[in-house]
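Chains, contacts and geometry: an overview
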Amino acid sequence: MIARNELEQALKQAGLGGTCVCVHASMRSFGDRVDGGAQGLLDAFLMQKCTVMTPAFSYHYLCNPVTDAQMPRRNAAGNYAWYREHTLTPGIYDINSKELSLEDMGVFARTVLMHENSMRGNHPLNSFAAVGEKAGALLASQTWQDVYAPFRQLCGMDGFVLMMGTDLTSATILHYAEQLSGRTPFVRWAKDGHGQVRCFSEGGCSNGFEQLAASLEHLEKRIMVGNSIWRIYPARQMSKCAADAICQDPMITHCEKTACMRCNDAVLGGPILPEDFWTRI
Ligand SMILES: [Zn+2]
């Protein structure tokens with residue numbers, strides 16, 4: 001059993017007390033029961049006065065593009081055959097919704113989202129959830145077209161990224177780094193109170209992201225908590241160094257599959273959007 005005070009001690013040792021932290025946690029990585037489970041872990045952060053942010057992505061709100069004008073080229077969707085063959089029946093998103101894709105996000109992210117004081121960003125597919133004093137400041141500027149605003153805020157607030165038993169293939173901030181390097185995020189479609197909306201979305205392949213480890217090694221702090229390896233990075237430096245590495249060698253993010261459509265389109269710069277893309281019907 002990993003006790004609460006052991007977790008709090010680890011957070012202190014990692015220099016995370018009182019900071020904003022984007023957490024990607026694998027509860028299984030501890031190899032032992034954490035006192036109070038995911039809720040106990042979140043409580044340890046809150047006792048240390050951290051503001052905790054996690055991705056709270058949900059594909060429940062994904063819908064089909066309606067017209068050809070909404071389907072740009074090089075958008076990690078090939079010729080859109082999948083969307084033409086499948087009719088999605090999305091829910092309607094609002095920031096009070098508690099729906100997330102549990103299999104991808106994990107139980108810790110759900111615990112953050114379900115917390116009585118949690119807040120959620122305004123993005124139907126790739127919202128972030130946060131709890132703690134600075135939750136509002138982290139999330140307020142997220143919109144459909146500004147999917148990574150919470151990371152921009154995290155960087156501005158000298159926050160951290162904590163990979164808790166997870167590796168860089170789970171580090172969503174590296175998609176923000178892709179955007180900083182000049183790539184356009186992929187476009188997807190979703191439903192919220194406005195009806196069908198187009199959004200910049202996460203949608204990229206992250207299977208090659210561990211290849212950025214060497215470029216980030218000088219920023220990384222590692223500690224062990226039970227069997228869980230925690231890798232801690234300062235968000236601003238992490239996103240900047242990763243963006244620089246991507247500019248130098250765009251293939252560094254490419255996964256092992258040479259035919260990976262998402263990686264191939266990302267390496268070329270992402271979707272090609274006509275100037276009037278967001279307003280065309
Ligand atoms: Zn890939």
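Right, let's walk through the structure included here.

Criteria and thresholds
- Residues numbered from 1 in each chain as written.
- Predicted model: local features only at pLDDT ≥ 70, side-chain atom pairs only at ≥ 80, totals over all residues.
- Heavy atoms only, no water.
- Core = buried A, V, L, I, M, F, W, Y, C linked by side-chain atoms within 4.5 Å.
- Buried < 20%, exposed > 50% of the residue type's maximum accessible area, 1.4 Å probe, protein only.
- Helix = DSSP H or I, 4+ residues; strand = E, 2+ residues; numbered from the N terminus.
- Contact = heavy atoms within 4.5 Å.
- Axes fitted to C-alpha atoms, helices over the stretch in contact; angles between N-to-C directions.
- Parallel < 35°, antiparallel > 145°, perpendicular 65-115°, else oblique.
- Left-handed = near helix turned anticlockwise from the far one by under 90°.
- Nonpolar A, V, L, I, M, F, W, Y, C, P; charged D, E, K, R; others polar.
- Polar contact = N/O pair within 3.5 Å; in protein donor to acceptor, adjacent residues only side chain to side chain.

1. Concerning the nonpolar core
Judged by nonpolar contacts, the single largest core of 87 residues is most densely connected at Phe45, Phe108, Leu174, Leu216 and Trp230. With seven residues, helix α9 (residues 235-248) is the largest single contributor of residues to this core. Each residue touching Phe45, except ones within four places of it in the same chain, is listed here: Leu11, Val23, Cys50, Val52, Phe108, Leu162 and Met164.

2. A short note on the packing of helix α1 (residues 4-13) against helix α2 (residues 37-47)
One can describe the packing of α1 onto α2 by two numbers: an axis separation of 9 Å at closest approach and a directional angle of 50 degrees. Regarding the angle of α1 to α2, the classification is oblique. In this structure, the crossing between α1 and α2 has a hand that is right-handed. Taken together, the residues of α2 that come into contact with α1 (itself represented by Arg4, Leu7, Glu8 and Leu11) are Gly40, Leu41, Asp43, Ala44, Phe45 and Met47. A per-class count over the contact of α1 with α2 returns six nonpolar, one polar and three charged.

3. Here's the deal with the side chain of Asn75
Relative to the assigned elements, Asn75 resides in the loop between β2 (51-55) and α3 (81-85). A distance of 3.1 Å separates a polar atom in the side chain of Asn75 from a polar atom in the side chain of Tyr80. Engagement of the side chain of Asn75 in a polar contact is seen with the backbone nitrogen of Val187, the distance being 2.8 Å.

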